[in-house]
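A closer look at the structure
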Amino acid sequence: MKFVLRRLGFFLLTLWAALTINFAIPRLLPGSPITSLMARYHGRLQGAPLKAVEAELGVDNHDSLLTQYLTYLKNCARFDFGKSVQYFPESVSHQVGSALPWTLGLVGVTTVLAFVLGTGIGAVSAWRRGGRLDAVLPPVFVVATGLPYFWVAMMLILVFAVAHPWLPTAFGSDEGLTAGFNADFISSVLQHAILPSVTILISSIGVWVLIMRNSMVTTLAEDYVRMARAKGLPGRRIMWDYAARNAMLPSLTGFAICIGGVVSGAVLVEYVFAYPGVGYMLVQAVENEDFPMMQALFLLITVAVLLAVLLADIATAVLDPHTRTAR
Amino acid sequence: MTATLDAAVPLTGRRIPGSSVARAMAGNRKALAGLLILVFFVVLAAVPDWIAPGDPAASRYGRSLGASAHHLFGTTGFGQDVAAQVVHGTRPILLIAVLSGVFATLLSVLIGVSAAYLGGLWDDLLSLFTDVILVIPVLPLVVVIAGYFAHRSLTVMIAALVVTGWSYGARQLRAQALSLRGRDFLEAARVRGERRSYIIVVELLPNMTSLIIANFMNVALYSVLTASGLEFIGLGDTSSVDWGTMLYWAQNQAALQTDQYLWAAVPGLCIALLSTSFALLNNAFDEISNPALRPVRRLRG
């Protein structure tokens, strides 16, 4: 329990750090939402309308930095990120809310799948160390970790959509379908998700395989594994219940470290496939200099990653009895 | 193998730091493959004008030509030679990889080793700081930072990569420094009355060489992927000639859909090859610093 509480404390601290970085970036760096909005309206925005827009965007600041900071934290707590420049006068949270389910579905499901598959392959590869499988797999996955996500996406499009028109190249579903629980829509969504999720799977699985293999190799040399062998337990039982369960622990830590990288890659994959998720929205926000949107999306992605890390911590607590005894 | 050789070195001569690393690398096939690819790109980056003379950005040829003897990889939709652009694009990405690798690794060593050595409250604070930076997703942060810079330069890119890329290395180096801290040879140096800075620089760091190099490779790998990703979404200098920017224009001009696939395939393959070379070297140096990971065939004999 103490372990989980400590990790919860870390979660809150990191969340606060991300909020503060988010607050500091626009105030430390050049560029401002109002100049970009002015450029958009070709300088025709003056006088009272300008004042109104400034108030809406929250840049009419004559308050002290501390007051601004407190207002900012209060707004974040209420999911109030102001108005979007790009879709003005729509609110940022409304736009972001519509993109979130797409990303959770695509990136969430694929990441869990990649982790489970990769960890399994890593465990088997270490178990058959020195065998034919272990001679081929690790180098292949080392190469896979070097592949840029967006390029894998482009090559898959080339092969499976352009050269052989089997799968759709862009968007989350076909146009003209009513969103909801009907067979047409769901099958269209699934079809559109195949290439992006295969891309994320190919590019991210290597990380999990290598982490698990390396940790499993160390675990297999432990005395309790030798003991299990001496007892004559079946190999499958030793591999999963004795070795893999313990080797999983560094893998979960690795998950916490690497999940940010996977999500970063997924942002680019969404962009290549024009997938209507938060990653594509982030790139569009940058292209349109939609600063409030950029910041809300950065925050959202960070919170999602932090939650994933927290889940990995809880899984660690479940698997590792050390963490349950008070330290 | 290496360990027995090291032990046989006469005690009078000071062992040259890194010599065992060089020897271990020569016997590692993955390291050799990685090194060969890296050398290939270093040559391209060193003398691009000898290999592909002329301005690679100028539209001098017919548009969207296929591969031929004149244009090894065809031409772009703007009438530039793809091969020439790829050759000239090597230097900027290598520069980004090496510079951000060097600076981020310096930062990792500084923070990681300080945390391990200072201990106590300092260790807690520095480790916490490292962990916080570690879990914040890098690309969205760099995208936001780059979004605020109207004028995008190599310096901004490298600075963003260094600020976000040091934390993983710092964590690893701290762990290794902690495990080395209690060893006898460091204890001996302390009893001899050496200054702390001397112990760290002369006694501790040489023993961490392979992990430090592995970290450099890791940052270089991450920088190549992140920098080209940023250029690909148009957050680099779109008028410059580099791999990520080539992909940006290829995507912009729908190269895949209009039968100019070499325009997108070749620069992407170069990014993949360069980052693979860093990944292979990183993996090899990991094996050198952690002998448990090395292949076991020799032991079974």
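Above this text sits the structure in question.
Residues numbered from 1 in each chain as written. Chains lettered and ligands numbered in written order. Predicted model: local features only at pLDDT ≥ 70, side-chain atom pairs only at ≥ 80, totals over all residues.

Our focus in this paragraph is the overall build of chain B. Along the backbone of chain B there are 15 helices and 0 strands. Expressed as a percentage of its 301 residues, the buried residues of chain B come to 46%. Considering only contacts within chain B whose residues lie at least 6 apart along the sequence, 70% involve residues at least 24 apart. (Helix = DSSP H or I, 4+ residues; strand = E, 2+ residues; numbered from the N terminus. Buried ≥ 20, exposed ≤ 12 C-beta atoms within 10 Å, placed from the backbone. Contact = placed C-beta atoms within 7 Å.)

Now for the interface of chain B and chain A. On the chain A side, the residues contacting the 46 residues of chain B number 50 residues. Mapped by element, the contributors of at least two residues to the side of chain B that touches chain A are helix 6 (120-135), helix 7 (138-148), helix 12 (209-232), helix 14 (261-289) and helix 15 (297-300) of chain B. In terms of residue count, the dominant contributor to the side of chain B that touches chain A is helix 14 of chain B (12 residues). Of the residues contributing to the side of chain B that touches chain A, the split by class is 33 nonpolar, 9 polar and 4 charged. (Nonpolar A, V, L, I, M, F, W, Y, C, P; charged D, E, K, R; others polar.)

What follows deals with the packing of helix 5 (residues 92-127) of chain A against helix 12 (residues 291-319) of chain A. All names here are of chain A. Between helix 5 and helix 12, the shortest axis-to-axis distance is 10 Å and the interhelical angle comes to 45°. Compared by their axis directions, helix 5 and helix 12 come out oblique. Read as a crossing pair, helix 5 and helix 12 show a hand that is right-handed. Counting all contacts with helix 5, which are made through Val 92, Ser 93, Gln 95 and Val 96, the residues of helix 12 involved are Pro 292, Met 293, Ala 296, Leu 297 and Leu 300. (Axes fitted to C-alpha atoms, helices over the stretch in contact; angles between N-to-C directions. Parallel < 35°, antiparallel > 145°, perpendicular 65-115°, else oblique. Left-handed = near helix turned anticlockwise from the far one by under 90°.)

Under the 1.5 Å per step criterion, the end-to-end length of helix 7 (residues 149-163) of chain A is 20 Å for 15 residues, consistent within 8% with the ideal 21 Å. Along helix 7 of chain A, the sharpest kink reaches roughly 30°, centred on A:Ile157. Where helix 7 of chain A is concerned, the buried positions are A:Tyr149, A:Phe150, A:Trp151, A:Val152, A:Ala153, A:Met154, A:Met155, A:Leu156 and A:Ile157. Where the residues of helix 7 of chain A are buried, they touch helix 8 (183-220) and helix 10 (235-272) of chain A together with helix 12 and helix 14 of chain B. (Expected span 1.5 Å × (residues − 1). Bend = angle between axes of the 7 residues up to and from the residue.)

Before going further, it helps to spend a moment on the nonpolar core. By size, the foremost hydrophobic cluster in this structure holds 165 residues, and its most contacted members are A:Ala153, A:Leu282, A:Leu297 and B:Val224. Residue contributions to this core peak at 19 residues, all from helix 10 of chain A. (Core = buried A, V, L, I, M, F, W, Y, C linked by C-beta atoms within 7 Å.)

This brings us to the packing of helix 5 of chain A against helix 11 (residues 278-287) of chain A. Working note: a packed helix pair is described by the angle between its axes plus the distance between those axes. Residue and element names in this part refer to chain A. Where helix 5 meets helix 11, the closest approach of the two axes is 8 Å, and the angle between their N-to-C directions is 135°. What the angle tells us is that helix 5 and helix 11 run oblique. In contact with Val 96, Ala 99, Leu 100 and Thr 103 of helix 5, helix 11 contributes Val 278, Gly 279 and Met 281. Here the residues of the contact of helix 5 with helix 11 are counted per class, giving 5 nonpolar, 2 polar and no charged.

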